[in-house]
Amino acid sequence: MADKLQNSNDSNGLLSPGTTTYNNYDRGVQVGHADTFAPTLNLILVGTAGQQHSVSSDFYNLFVGFEPFSGDHFLVPNDRALSEYITDDVRSRFAALDDAAISEIKMLPSIIVEEFSKGSGSDKSVVFAFVTDIRKQQNGVLVHFQRYYPIPVKVLLDNSYELGTNRGFESFRTHWTTKNINLLQVLQDAGIQMWG
């Protein structure tokens, strides 16, 4: 394709009539004016063994009551794993912790945070992470994770409604829940820029 603007009026259905296409050969694009512009963020994580994992933005994991910087795993008590502050449909989708549920949970962004309340200062640890492994044990659910980005606890406090944590005592009760909320969008709207 020539390195210039072209109007495509193909009848093959790939481009609508009047669509302008520009092949820039990976040199970037500057948009001078656009009535609407909605770029898509495709986040693909690469594990330590080089495997790639896609990320789901439909749900997120919230782990409250765990210090995220002292190790790479923690134990969630059985009665606090996917049993509180969770809707029935989300619980039925993930709580069995079968192979399919675990595979999906690993694709969800996660927040790991110590218990916190409105009076919490910046001393509370919060991290954006992804679950790397889950093991059901007799004494609880062992969750391994990979940390990616620290987040100020103020972001959780200021966005409790958007994060679905504004009910009851959720922020100061140790538990693991999954929310049907786009965490990446909430963090972006809150001004958190984790990637470029």
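Refer to the structure presented above.
Residues numbered from 1 in each chain as written. Predicted model: local features only at pLDDT ≥ 70, side-chain atom pairs only at ≥ 80, totals over all residues. Heavy atoms only, no water.

Colleague: Summarise the overall build of the protein chain; cite the residues concerned and give the values.
Modeller: When its secondary structure is counted, the protein chain shows five helices and 10 strands. In the protein chain, the share of contacts with a sequence separation of at least 24, taken over all contacts with a separation of at least 6, comes to 63%. (Helix = DSSP H or I, 4+ residues; strand = E, 2+ residues; numbered from the N terminus. Contact = heavy atoms within 4.5 Å.)

Colleague: Go over the sheet that holds strand β6 (residues 73–76), please, and point to the residues and values.
Modeller: Spatially, β6-β9-β8-β7-β5-β10 is the arrangement adopted by the six strands of the open sheet, whose pairing is mixed. Because the sheet does not close on itself, it has two edges, and the strands there are β6 and β10 (175–179). Neighbouring strand axes in the sheet, compared pairwise and without regard to direction, differ in orientation by 35 degrees on average. (Pairing = 2+ DSSP bridges. Axes fitted to C-alpha atoms, helices over the stretch in contact; angles between N-to-C directions.)

Colleague: Could you give an account of the packing of aromatic side chains, naming the residues involved and the relevant values?
Modeller: Going through the model one piece at a time under the given rule, you end up with eight aromatic pairs. Summarising the aromatic geometry, the rings of Phe128 and Phe130 are spaced 5.5 Å apart at their centres and angled 85 degrees between planes, so their arrangement reads as edge-to-face. Ring centres of Phe169 and Phe172 lie 5.5 Å apart, and the angle between their planes is 70 degrees; on these two criteria the pair is classed as edge-to-face. Overall, Phe169 belongs to the exposed group, its relative accessible area being 54%. Through a chain of ring-to-ring contacts, three or more aromatic side chains come together here, namely Phe63, Phe66, Phe74, Phe145 and Trp176. (Phe/Tyr/Trp six-rings, centres within 6.5 Å; stacked < 30°, edge-to-face > 60°. Buried < 20%, exposed > 50% of the residue type's maximum accessible area, 1.4 Å probe, protein only.)

Colleague: Run through the pattern of salt bridges, naming residues and quoting values.
Modeller: This model, assessed by the stated rule, comprises seven salt bridges. As a salt-bridge pair, Glu84 and Arg80 come within 3.8 Å of each other at their nearest N and O atoms. Residues Arg173 and Glu84 are paired through a salt bridge, measuring 2.8 Å at the closest nitrogen-oxygen approach. Placement of the pair is Arg173 in the loop between α4 (160–163) and β10 and Glu84 in the loop between β6 and α1 (88–94), with a sequence separation of 89 residues. (Salt bridge = Lys/Arg side-chain N within 4 Å of Asp/Glu carboxyl O.)

Colleague: Mind laying out the side chain of His175, listing which residues take part and the relevant values?
Modeller: Along the chain, His175 turns up in strand β10. There is a polar contact of 3.2 Å between the side chain of His175 and the side chain of Glu170. Those residues in contact with His175 that lie beyond four places of it in its chain are Leu62, Phe63, Val64, Phe66, Arg80, Glu84, Tyr85 and Glu170. (Polar contact = N/O pair within 3.5 Å; in protein donor to acceptor, adjacent residues only side chain to side chain.)

Colleague: Pulling in residues and values, what's your account of unusual backbone geometry?
Modeller: Phi at Leu82 takes a positive value of approximately 55 degrees, unusual for a residue other than glycine. The phi dihedral of Tyr85 falls on the positive side, at around 55 degrees, and the residue is not glycine. Here Tyr85 lies in the loop between β6 and α1. Assessed through its relative accessible area of 23%, Tyr85 is described here as partly exposed.

Colleague: Can you tell me about the pairing of strand β8 (residues 126–137), naming the residues and giving the values?
Modeller: Relative to β8, strand β7 (residues 109–113) runs antiparallel, the two sharing five bridges. By the bridge assignment for β8, Pro109 is matched with Phe130. The pairing of β8 with strand β9 (residues 140–150) spans 10 bridges and is classified as antiparallel. Paired with Ile134 across the two strands is Val143, which belongs to β9. Here β8 folds back onto β9 in antiparallel fashion, the turn holding two residues.

Colleague: Now, about the environment of Ser92: what can you tell me, with residues and values included?
Modeller: With respect to the secondary-structure elements, Ser92 resides in helix α1. For Ser92, a relative accessible area of 61% puts it in the exposed group. Taking the C-alpha atoms as reference, Ser92 lies 9.5 Å from Leu82; in sequence the two are 10 residues apart.

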